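So the chains spell out like this:
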Amino acid sequence: MAGSFKYWDDCLDPLDMEAMWTDPEVSKEWIDAGENKGQKVHLSRDPDGQPYLTQTEMKAVAAIIVRRHFVSQIDPDMICAIAELESDRQPLAMRYNRKTKETSVGIMQMLPKTAVWLVSEMGYRTYEIEGNLELLHRPFISVYFGAAYLKWLSSYDGKDRNEEFVVRAYRGGPKKATHKSTLDYWRRYLSVKQSLPSRRAGDAWRYWDSRVSPEDMEELWRDSDVLREWTKSGEKRGKVRFPHDAEKRPYLSRLEVKAVAEIIVSKHFSESQIRPTALAALAEVSSMRFVDGVGSHTGIMGIDYQKALWLYREFGYKAYKVNSVEDLSNPFTSMYFAAAYLVWLSKYEGRERTPQFVIQAYLGGPENVNLQESGPLWLKFEQALSYYEDPKKIREQEQQGSCSIL
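All values derive from a computational prediction rather than experimental measurement.

Draft legend 1. Structural context of the packing of aromatic side chains. With the rule as written, the count across this model stands at 29 aromatic pairs. Seen in terms of ring centroids, W221 and W230 are 4.9 Å apart; in terms of plane orientation they differ by 75°. Their pairing is edge-to-face. In this structure, W221 and W230 share a single accessibility class: buried. Measuring from ring centre to ring centre gives 5.0 Å for Y336 and F337, while their planes differ by 80°; the resulting arrangement is edge-to-face. F337 matches Y336 in its accessibility class, with the two residues each being buried. Members of the aromatic cluster, each reached through a chain of ring pairs, are W310, F315, Y341, W344, Y348, F357 and Y362.

Draft legend 2. Inspection of the UniProt feature "domain: Transglycosylase SLT" (unreviewed entry) in the protein chain at higher detail. Feature annotation in UniProt places "domain: Transglycosylase SLT" (unreviewed entry) on residues 73-185, given in this structure's numbering. Secondary structure across residues 73-185 divides into 44% helix and 7% strand, with the first and last C-alpha atoms of the span separated by 22 Å.

Draft legend 3. Representation of the pattern of salt bridges within the structure. Following the criterion strictly, the structure yields 22 salt bridges and no others. Across the salt bridge formed by E18 and K37, the nearest N and O atoms sit 3.2 Å from each other. Taken together, the residues E18 in helix α1 (residues 14-22) and K37 in the loop between α2 (24-32) and β1 (44-45) connect sequence positions 19 residues apart. In this structure, D184 and R188 form a salt bridge, with 3.1 Å as the shortest nitrogen-oxygen distance. Of this pair, D184 and R188 are both found in helix α8 (residues 183-194), four residues apart, which corresponds to roughly one turn of the helix.

Draft legend 4. Local environment of helix α11 (residues 254-268). With 15 residues, α11 should cover 21 Å at 1.5 Å per step; its first-to-last C-alpha distance of 21 Å lies within 8% of that length. By the burial criterion, the buried members of α11 are E256, V257, A259, V260, A261, I263, I264 and V265. Looking at the buried side of α11, the elements it contacts are α9 (214-222), α10 (224-232), α12 (276-287) and α14 (331-345).

What counts, and where the lines are drawn
- In this numbering scheme, every chain counts its residues from 1 along its sequence in written order.
- Restriction of local features to residues with pLDDT of at least 70 applies here, the model being predicted, together with a cutoff of 80 or more for giving and counting side-chain atom pairs; totals for whole chains, interfaces and linings are based on all residues.
- With hydrogens and water excluded, all non-hydrogen atoms of the structure serve as input to the side-chain values.
- Pairing of aromatic rings covers Phe, Tyr and the six-membered ring of Trp, with a centre-to-centre limit of 6.5 Å; geometry is then stacked below 30 degrees between planes, edge-to-face above 60, and tilted otherwise.
- To sort residues, take the accessible area from a 1.4 Å probe on protein chains only and compare it with the maximum for the residue type: under 20% means buried, over 50% means exposed, and anything in between is partly exposed.
- UniProt positions are given in the numbering used here, feature names are shortened, and annotations may be inferred rather than shown by experiment.
- Each helix corresponds to a stretch of at least 4 residues labelled H or I by DSSP, and each strand to a stretch of at least 2 residues labelled E; elements are numbered beginning at the N terminus.
- Any carboxyl oxygen of Asp or Glu that lies within 4 Å of a side-chain nitrogen of Lys or Arg is treated as forming a salt bridge with it.
- The span you would expect from a helix comes to 1.5 Å times its residue count less one.
- In what follows, a contact means two residues having at least one pair of non-hydrogen atoms within 4.5 Å.

Spelled out as structure tokens, the structure:
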């Protein structure tokens, strides 16, 4: 029974226990707490005596479930943040809804009827819960069905859905995904996700070399402007620091942004009409060049995980992997998928699109483009573009009718 949970062994099978011990952060935490492999491992308990998962344990459970069943489909950080909000990571948590007269259970606060539907209608049969819904209190099972529901929401009604829609729909159902009643939940989710241990990567993540492949780092060192800037600031190969603002947030200099854009275009989009300066300008508008993005905008280009995953899976843009949202904190990865999205937008709905349409669609969504007026997004982009291109040259190109953006 769920109420008898005292040890991890009470709610995990031996295979899952072995997977937990294999996680280096979990094994260190357990050994430091006096646990021994081969003996039962205690669940942590809050002041009220309720069992809960530590953030390290929660991170491991999410990662294992995603790796086994949803690789490149669900972001483990999304699961961890939702578990934090829904249950405080308590496997025995239950919440009764007076309006619907339904009770959600477990770490992911799944409705039993939703889990049964995922089994019977959607084919998620790794864990057979029909006839024994108490199993939803078990962490691995709860996370499995929570992830399955998130995956279903990500393509709800046959449309590719962004992170905000998925999270708000998880809380209130698809019909409430854009309702004001779920807006606060979305805001709290963003705050929680930013504070997860996996996003506080320590001093190492202050450096380019911790986020970027050696091959891409070598390309940056070959750029004469970047080389000059890094040499002047005393950077050394193997440990190049990001600039940081007053709040210690890492960002890219404009020379670095331009260099990354030029490398991405030359290596992967040389046959397209994308200009590196356009990518650099979009980084200004989307994230103010912050490595981890701003607000709900992920990474330097503001491309969210679901969109990058969609481009990766559906259109074959696989030069960079997106196994989790953290992959988009690599400036090269973020820039790569931004360029891929621009290519897709340039032929949105099978029509050749103008630069103004493409930029507005990138920043605000293709369904919100209004070409009858310039709009604030386009004006911001034009201003940002002037940082990377000679304004006089831009005006001359526009007067000649040539495309200065794509």
